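If you want the building blocks of each chain, they are given just below.
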Amino acid sequence: GGELQKAYFKLARLLHPDRIHATGIDADPQVAQQLFARINKAFSVLSNPTKRNEYLEVLAAGGELAFRKQAEEAEKKAMNILAAEEHFLTGEMALRRNDFKVALEQFEKAVTLNPDEGEHHALYGWALWMSTADKTDVYEDVHAVLKQALKLSPKCIPATFYLCQLAVHKKDYLLARELFEKTLKKVPHHTDAQLQMRLLRSRGLI
C-alpha cells in the first residue's frame, strides 16, 4: 500500500547509484547497482500479492534453502509414489501368473518406495505367504503385515480377504467366517470370498 511505496521511494532516493556517487561516498559502482537492484526486486515482490504470498511461504518454511529442500523432497516423494505404482502393477501381473518370487520382489520395492499405501503392504504380505513353503515360519510376519495394511487403509479389501485365508490356515473357522462376511459386505461379488465360503460350508466347518 501507501506505506510500502513511501518506504521504497525514500530508499530509492537515498541509495540510487547516481545519488551515492554525487555525495562523494567512495562506493564500488557495481555494489551500488546490486544494492539498488535488490531494493527494486523487494518492492516488486512485496507490492504484488501473489509474489508476496510466495515470499511469505518461503519465510515460513525457514528461508529459501529450506523452501527449496521442501520442494525437492515433495518432488522426490511424488516420483517414489509413481515408481512404487509401477512395481505394484508388475507385482500384480506376476501374482496372476503364480510367479510368487517375482511378485514378492516387486511388492517389496513398492512398499519401500511408498510405505504409506496399505494395498502395497497387503499384496506384499500375500506374496510372502505364497512364496514360503513353511507357512508356520512366516505366519506371524504375514499377519503383522496384513494388520499394518488395514491400519494404513481400513477399507483395504485384499488385506481383509488374506486375513481370512490365514484364519483358515489356523483352523480358526469362526474368525474366517467373520472375515469372509466382512469382505463380502464390502464387495458383494468378491468371487474368491464366495468360493471359500461355499467350500467351508460344504465341509461343515461354518
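Note that the structure is predicted; figures quoted are calculated from it, not measured. (Residues numbered from 1 in each chain as written. Predicted model: local features only at pLDDT ≥ 70, side-chain atom pairs only at ≥ 80, totals over all residues. Heavy atoms only, no water.)

**Student:** Quick question: what am I supposed to make of the layout of surface pockets here?
**Tutor:** Summary: where empty space remains is shown by rolling a probe the size of a single water molecule over the atoms. Here the largest pocket defines a volume of roughly 370 Å³. Within the residue set of the lining of the largest pocket, elements represented by two or more residues are helix H3 (29-46), helix H4 (49-60) and helix H5 (64-96). Per-element tally for the lining of the largest pocket: the top contributor is H4, with five residues. Residues belonging to the lining of the largest pocket are distributed by class as follows: seven nonpolar, one polar and four charged. Of the voids in this model, the second largest pocket is the one considered here, and its volume is about 310 Å³. (1 Å grid on protein atoms, 1.4 Å probe; cavity = no way out; pocket = protein on both sides within 12 Å on 5 of 7 lines; lining within 4 Å. Points joined across faces, edges and corners; volume = space filled by probe spheres on them. Helix = DSSP H or I, 4+ residues; strand = E, 2+ residues; numbered from the N terminus. Nonpolar A, V, L, I, M, F, W, Y, C, P; charged D, E, K, R; others polar.)

**Student:** Hey, could you run me through the packing of aromatic side chains in this one?
**Tutor:** Aromatic ring pairs are reported here in terms of the distance separating the ring centres and the angle at which the planes meet. Using the criterion set out here, one finds five aromatic pairs in the structure. Measuring from centroid to centroid gives 6.0 Å for Phe161 and Phe180, while their planes differ by 55 degrees, and the two rings are tilted. Of this pair, Phe161 sits in helix H9 (residues 157-169) while Phe180 sits in helix H10 (residues 173-186), and the two are 19 residues apart along the sequence. Take Phe180: its relative accessible area is 0%, and that puts it in the buried class. Chaining the aromatic ring pairs together yields one cluster made of Trp126, Phe161, Tyr162 and Phe180. Directly above the ring of Trp129 sits Lys135, whose terminal nitrogen or CZ lies 5.3 Å from the centroid. The ring of Tyr139 is capped by Lys170, whose NZ or CZ atom sits 4.4 Å from the centre of that ring. (Phe/Tyr/Trp six-rings, centres within 6.5 Å; stacked < 30°, edge-to-face > 60°. Buried < 20%, exposed > 50% of the residue type's maximum accessible area, 1.4 Å probe, protein only. Lys NZ or Arg CZ within 6 Å of the ring centre and 35° of its normal.)

**Student:** Help me out: how do you make sense of the side chain of Thr132 in this one?
**Tutor:** Secondary-structure assignment places Thr132 in the loop between helix H7 (118-131) and helix H8 (135-152). Among the polar contacts listed, one links the side chain of Thr132 to the backbone oxygen of Leu128, at a separation of 2.7 Å. (Polar contact = N/O pair within 3.5 Å; in protein donor to acceptor, adjacent residues only side chain to side chain.)

**Student:** Please explain unusual backbone geometry as it appears in this structure.
**Tutor:** Trans peptide bonds make up most of the peptide bonds, and negative phi angles are found at most residues other than glycine. One non-glycine residue with positive phi stands out, namely Asn98, at about 60 degrees. Looking at the secondary structure, you find Asn98 in the loop between H5 and helix H6 (100-113). You can call Asn98 exposed: its relative accessible area is 52%.

**Student:** Please clarify how the packing of H9 against H10 should be interpreted in this entry.
**Tutor:** To characterise two packed helices, one gives the angle between the axes of the helices and the distance between these axes. Running from amino to carboxyl end, H9 crosses H10 at an angle of 160 degrees, the nearest separation of the two axes being 8 Å. Accordingly, the angle class assigned to the pair H9 and H10 is roughly antiparallel. The handedness of the crossing between H9 and H10 comes out as left-handed. The segment H9 lies against H10, with Ile157, Thr160, Phe161, Leu163, Cys164, Gln165, Ala167 and Val168 engaging Tyr173, Leu175, Ala176, Leu179, Phe180, Lys182, Thr183 and Lys186. Its residues assigned to classes, the contact of H9 with H10 comprises 11 nonpolar, three polar and two charged. (Axes fitted to C-alpha atoms, helices over the stretch in contact; angles between N-to-C directions. Parallel < 35°, antiparallel > 145°, perpendicular 65-115°, else oblique. Left-handed = near helix turned anticlockwise from the far one by under 90°. Contact = heavy atoms within 4.5 Å.)

**Student:** It is not clear to me how the pattern of salt bridges should be interpreted in this structure. Could you clarify?
**Tutor:** Oppositely charged side chains can pair when the atoms bearing their charge come close. Per the counting criterion, the structure on display carries four salt bridges. With a shortest N-O distance of 3.9 Å, Asp99 and Arg97 are connected by a salt bridge. By relative accessible area, which is 28% here, Asp99 ends up partly exposed. For Arg97, a relative accessible area of 55% corresponds to the exposed category. (Salt bridge = Lys/Arg side-chain N within 4 Å of Asp/Glu carboxyl O.)

**Student:** What am I meant to see in a nonpolar patch on the surface here?
**Tutor:** Residues Tyr55, Leu56 and Leu59 make up a contiguous nonpolar surface patch of about 280 Å² in total accessible area. When you line up the elements, Leu59 lands in helix H4. Overall, Leu59 belongs to the partly exposed group, its relative accessible area being 47%. (Patch = residues over 30% accessible without salt bridge, like charges linked within 9 Å, V, L, I, M, F, W, Y side chains within 5 Å. Areas by Shrake-Rupley, 256 points an atom, 1.4 Å probe, with all protein chains shown as cover.)

**Student:** Mind showing me how you'd approach H7 here?
**Tutor:** One turn of the α-helix equals 3.6 residues, which is why residues spaced by three or four share an orientation. Along its 14 residues, H7 runs 20 Å from first to last C-alpha, staying within 8% of the 20 Å computed at 1.5 Å per residue. Summarising burial for H7: 11 of the 14 residues are buried, a large majority. Among all positions of H7, only Gly118, His120, His121, Ala122, Leu123, Tyr124, Gly125, Trp126, Ala127, Leu128 and Trp129 are buried. N-cap assignment for H7: the residue whose side-chain oxygen lies 3.3 Å from the backbone N of Glu119 is Glu117. (Expected span 1.5 Å × (residues − 1).)

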